[in-house]
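Read off the chains here:
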Amino acid sequence: TEAIGLYNVGQSCCLNSLLQVFLMNIHFTGILRRIMVPRHAAQMRRNVPYQMLLLLEEMQHGKQKAVFPTAFAHCLSAYRVKLFVQHDAAQLFLTLWNVIKMQMGKPELVEELSDLYTICVQEHLACQKCSVETKRSSNMLTLPLPVLDSNSHKLRTLEDCLRYFFHPEELTDHNMCFCEHCGRTTPFLQSMKLVHLPKTLTIHLKRFCFEKSAYIHKLSHYLPFPQDLDFSAVLTEDQCQADDNEKAAWQYELFAVVAHSGSTSYGHYCAYIRSLTEHKWYCFNDSEVCQVSWDDVKCTYGHSKLYW
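What you see is a predicted model; the values in this text were computed from it and never measured.

S.K.: Would you take a moment to explain the overall build of the protein for this structure?
M.R.: A count of helices and strands for the protein gives eleven helices and 18 strands. Its C-alpha atoms give the protein a radius of gyration of 21 Å, near enough to 19 Å, the size a compact globule of 308 residues would have. When the backbone C-alpha atoms are referred to their principal axes, the protein occupies close to 65 × 45 × 40 Å. In the protein, once contacts between residues fewer than 6 apart in sequence are set aside, the share between residues at least 24 apart is 61%. In the protein, which carries 29 positive and 31 negative side-chain charges, the distance between the mean positions of the two groups comes to 7 Å.

Set out below in structure tokens:
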């Protein structure tokens with residue numbers, strides 16, 4: 001019943017934080033426990049879901065305060081996930097998820113994994129001259145929300161970020177598109193409509209910002225998010241391409257926050273996770289794990305000197 005930490009094996013705080021979020025999700029571990037075990041030792045060493053399962057078993061049955069994810073990290077290195085370097089959590093999450101899905105083995109488990117994490121959206125492009133509209137459906141693993149608007153003004157809450165992400169955008173001047181009906185480039189209205197949300201929804205706050213000089217800096221300003229979020233109450237009818245039954249399931253409780261302190265050139269990750277069995281919040285800071293309150297989690301709202 002105790003939460004177990006992961007030792008840092010060389011700038012692995014990002015990997016450790018993501019692993020804890022995966023393994024504390026009982027819906028994910030329910031899928032993981034049903035994977036096909038590789039037959040040969042060499043296959044076992046290179047199979048990411050199997051190595052993740054071994055790590056889970058070691059964490060759950062061991063009596064130490066933390067375990068070493070060394071074998072799992074070496075397994076990942078075979079798939080171009082470098083060791084001893086700093087990673088971006090959103091990028092590493094996508095890499096991990098894709099490798100897990102690729103090696104899951106059973107088609108029914110791949111489908112369950114997709115249902116657990118995949119977001120479905122529909123992009124609409126409407127010509128402003130002739131009103132011809134094209135639609136394109138796509139799947140996403142995260143909602144990449146901007147924290148600044150088009151005028152570089154700070155968005156104040158997570159709900160504001162969501163509304164801005166799904167707000168229609170006019171494509172004019174150098175952003176105009178070619179309209180086949182008009183036979184020339186014309187202004188377009190681009191909008192994103194939400195079709196389906198998964199059981200586990202992952203939101204990525206885009207706090208790393210590219211400036212015109214190609215310099216990357218981090219946006220550390222304060223941006224609060226709620227413990228409970230009802231998407232159907234945040235978005236308008238026009239921003240949702242789903243029926244009432246689908247929208248009724250768009251109510252979420254916050255499960256985990258992966259937080260970064262520092263700048264773009266250096267820093268540290270930790271994870272705040274609410275146990276789905278105990279309903280208690282924990283802070284996973286590599287090998288150090290402690291129970292925390294919701295007020296402690298609020299430190300991840302952001303400021304220049306984030307400290308947990």
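From this point, things continue past the structure.
S.K.: Please clarify how the pairing of strand β9 (residues 188-196) should be interpreted in this entry.
M.R.: In regular strands, side chains alternate between the two faces of the sheet. Bridge analysis of strand β3 (residues 119-127) against β9 gives eight bridges, and the strand direction is antiparallel. Across the sheet, the residue bridging to Gln122 is Lys193, located in β9. Pairing between strand β6 (residues 169-171) and β9: three bridges, direction antiparallel. Across the sheet, Glu170 pairs through a bridge with Leu189, a residue of β9.

S.K.: Would you explain the packing of aromatic side chains in this entry?
M.R.: Centre-to-centre distance and the angle between the planes together describe a pair of aromatic rings. Using the criterion set out here, one finds 13 aromatic pairs in the structure. Geometrically, the ring pair formed by Trp281 and Trp294 is tilted, given 6.0 Å between the ring centres and 45° between the ring planes. Separated by 13 residues along the polypeptide, Trp281 in strand β17 (residues 281-285) and Trp294 in helix α11 (residues 294-297) bring together distant segments of the chain. Comparing Trp281 with Trp294 shows no difference in burial state: the two are buried. Taken together, the ring pairs in this structure connect Tyr222, Phe225, Trp281, Trp294 and Tyr301 into an aromatic cluster.

Parameters and conventions
Residues numbered from 1 in each chain as written. Predicted model: local features only at pLDDT ≥ 70, side-chain atom pairs only at ≥ 80, totals over all residues. Heavy atoms only, no water. Helix = DSSP H or I, 4+ residues; strand = E, 2+ residues; numbered from the N terminus. Rg over C-alpha atoms; globule rule 2.2 N^0.38 Å. Contact = heavy atoms within 4.5 Å. Lys, Arg positive; Asp, Glu negative; His and termini not counted. Charge placed at Lys NZ, Arg CZ, Asp CG, Glu CD. Pairing = 2+ DSSP bridges. Phe/Tyr/Trp six-rings, centres within 6.5 Å; stacked < 30°, edge-to-face > 60°. Buried < 20%, exposed > 50% of the residue type's maximum accessible area, 1.4 Å probe, protein only.

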